[in-house]
Amino acid sequence: FKAPKEKNFSESVWLYDTTRVIVPDVEYYHASWVDGFKPNQYVLAQAPRDASAAKDFFKLLAHVKAEGMIIAEASDEYSSNISTKFEKGAGGKKGCEKTSDDVSTAVIKDHGVNMKVVKFNRDTFSAQELVDMLEKARKYIGCPTKGPLVIVCRDGASKSGVFALADTESDRLAKNGKIKHTDTIKQIRFMRCNTFDTFESYELAINTIIELCHRAK
């Protein structure tokens, strides 16, 4: 399948045909299935950049029966086409609960979708801050979910892959008291191109695993 270039965040970020999410009546959306602690636990998706992409994105959410979403981008540029409810101080008036400075939460009930969504309000973060945000997200959404958890970032790979790793190993630690981070990183990379492809993202991933282990003691 040859993806339309104009529908990708970058020409250098692409999908594998075997794990690309195929949605009926949608020509193409930049998203991949990724296994976690269980098969197809995640959909790693590019943030919709305009109203047309948002329409396809909501069709994707309904099709995969998503049960929660994490938006791993602070800028409204990557969340405004999903929801306009992420506003500081909006409170219950607009359906958004401001839980802390680094995390906002909302319930989206549009386009046949009813789910809890967490938006991270930091563009850069340490491993400790990442785990803090993830713990808040997992508690609010109710992870692990029965259906897929959608993790969104600007390109659908760079940040989404790290959070999928952290969430998977959080589940493994809780259930088995151990981690398999090397296997999980390989698994994510085999299913989602462009994940962990920089030194910075790999370093953050390893430090995040270390932080999870410290907290599990």
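Chemist: Any details on the environment of Phe-58? Residues and values, ideally.
Modeler: By the element assignment, Phe-58 lies in helix 1 (residues 51–64). With 53 residues separating them in the primary sequence, Phe-58 and His-111 have C-alpha atoms 6.4 Å apart. When residues no more than four places from it in sequence are discounted, the contact partners of Phe-58 are Asn-81, Ile-82, Ile-108, Asp-110, His-111 and Val-113.

Chemist: Quick one: what's the story with unusual backbone geometry, residue by residue and with numbers?
Modeler: Omega for the bond connecting Cys-143 with Pro-144 falls within 30 degrees of zero, at 0°, which places this linkage in the cis form. Within the fold, Pro-144 resides in the loop between helix 2 (127–141) and strand 7 (149–153). One non-glycine residue, His-111, lies in positive phi territory at about 55°. Residue position: His-111 is located in the loop between strand 5 (103–110) and strand 6 (113–120).

Chemist: Help me get a handle on the pairing of strand 6, residues and values and all.
Modeler: When you tally the buried positions in strand 6, you get six out of eight residues, the bulk of the element. Alignment of strand 3 (residues 68–71) against strand 6, held across three bridges, turns out to be parallel. From the neighbouring strand, Met-69 faces strand 6, where its bridge partner is Val-117. Where strand 5 meets strand 6, eight bridges bridge the pair, whose relative direction is antiparallel. Counterpart to Val-103 in the pairing with strand 6 is Phe-120.

Chemist: Any details on helix 5 (residues 199–216)? Residues and values, ideally.
Modeler: End to end, helix 5 covers 26 Å across 18 residues, agreeing with the expected 26 Å (1.5 Å per residue, within 8%). Regarding helix 5, the residues found buried are Ser-201, Leu-204, Ala-205, Thr-208, Ile-209, Glu-211 and Leu-212. Taken end-on, helix 5 shows its buried residues confined to a sector of 165°, consistent with a single buried face. Looking at the buried side of helix 5, the elements it contacts are helix 2, helix 3 (158–176) and helix 4 (181–191).

Chemist: Pulling in residues and values, what's your account of the environment of His-30?
Modeler: Mapped onto the elements of the fold, His-30 is located in the segment before strand 1 (31–34). A residue is classified by how much of its surface remains accessible, and His-30, at 1% relative accessible area, is buried. The spatial distance from the C-alpha of His-30 to the C-alpha of Trp-14 is 7.9 Å, given a sequence separation of 16 residues. Setting aside residues no more than four positions away along its own chain, His-30 makes contact with Lys-7, Asn-8, Val-13, Trp-14, Leu-15, Leu-44, Ala-45, Gln-46, Asp-155 and Arg-192. A polar side-chain atom of His-30 sits 2.8 Å from a polar atom in the side chain of Arg-192.

Chemist: Now, about the packing of helix 3 against helix 4: what can you tell me, with residues and values included?
Modeler: It is the contact of helix 3 with helix 4, at a shortest axis distance of 10 Å, that shows an interaxial angle of 140°. As judged from the angle between their axes, helix 3 and helix 4 are oblique. As for how helix 3 packs across helix 4, the hand of that crossing is right-handed. From helix 3, Gly-161, Ala-164, Leu-165, Thr-168, Glu-169 and Arg-172 reach across to helix 4, where they touch His-181, Thr-184, Ile-185 and Ile-188. In terms of residue class, the contact of helix 3 with helix 4 is made up of four nonpolar, four polar and two charged.

What counts, and where the lines are drawn
For every chain, the first residue of its written sequence is number 1, and the numbers climb from 1 along that sequence. The predicted origin of the model limits local features to residues at a pLDDT of at least 70 and limits the giving and counting of side-chain atom pairs to 80 or more, whereas totals for whole chains, interfaces and linings rest on all residues. With hydrogens and water set aside, each side-chain value is computed from the structure's full complement of heavy atoms. Secondary structure elements are defined from DSSP: runs of H or I of at least 4 residues count as helices, runs of E of at least 2 residues count as strands, and each element is numbered from the N terminus. Contacts were defined at the residue level, with two residues in contact if any of their heavy atoms lie within 4.5 Å. Each residue is placed in one exposure class: buried if its accessible area under a 1.4 Å probe, protein chains only, is under 20% of its type's maximum, exposed if it is over 50%, and partly exposed if it falls in between. A strand pair is defined by DSSP finding two or more bridges across the two strands. The length a helix should cover is 1.5 Å for every residue beyond the first. Note that the arc is defined by the directions from the helix axis to the C-beta atoms. Contacts described as polar in this section are N or O atom pairs within 3.5 Å, which, within protein, must combine one atom able to donate a hydrogen with one able to accept it, while residues neighboring in sequence count only if both atoms come from side chains. Geometry is summarised by axes, namely lines fitted to C-alpha atoms with helices restricted to the contacting stretch, and by angles between N-to-C directions that run from 0 to 180 degrees. Each angle is binned into one of four classes, with values under 35 degrees roughly parallel, values over 145 roughly antiparallel, values of 65 to 115 roughly perpendicular, and all other values oblique. By convention, the crossing between two helices is left-handed when the near helix turns anticlockwise from the far helix through less than a right angle, and right-handed when the turn is clockwise. Classification convention: Asp, Glu, Lys, Arg as charged; Ala, Val, Leu, Ile, Met, Phe, Trp, Tyr, Cys, Pro as nonpolar; all other residues, Gly among them, as polar.

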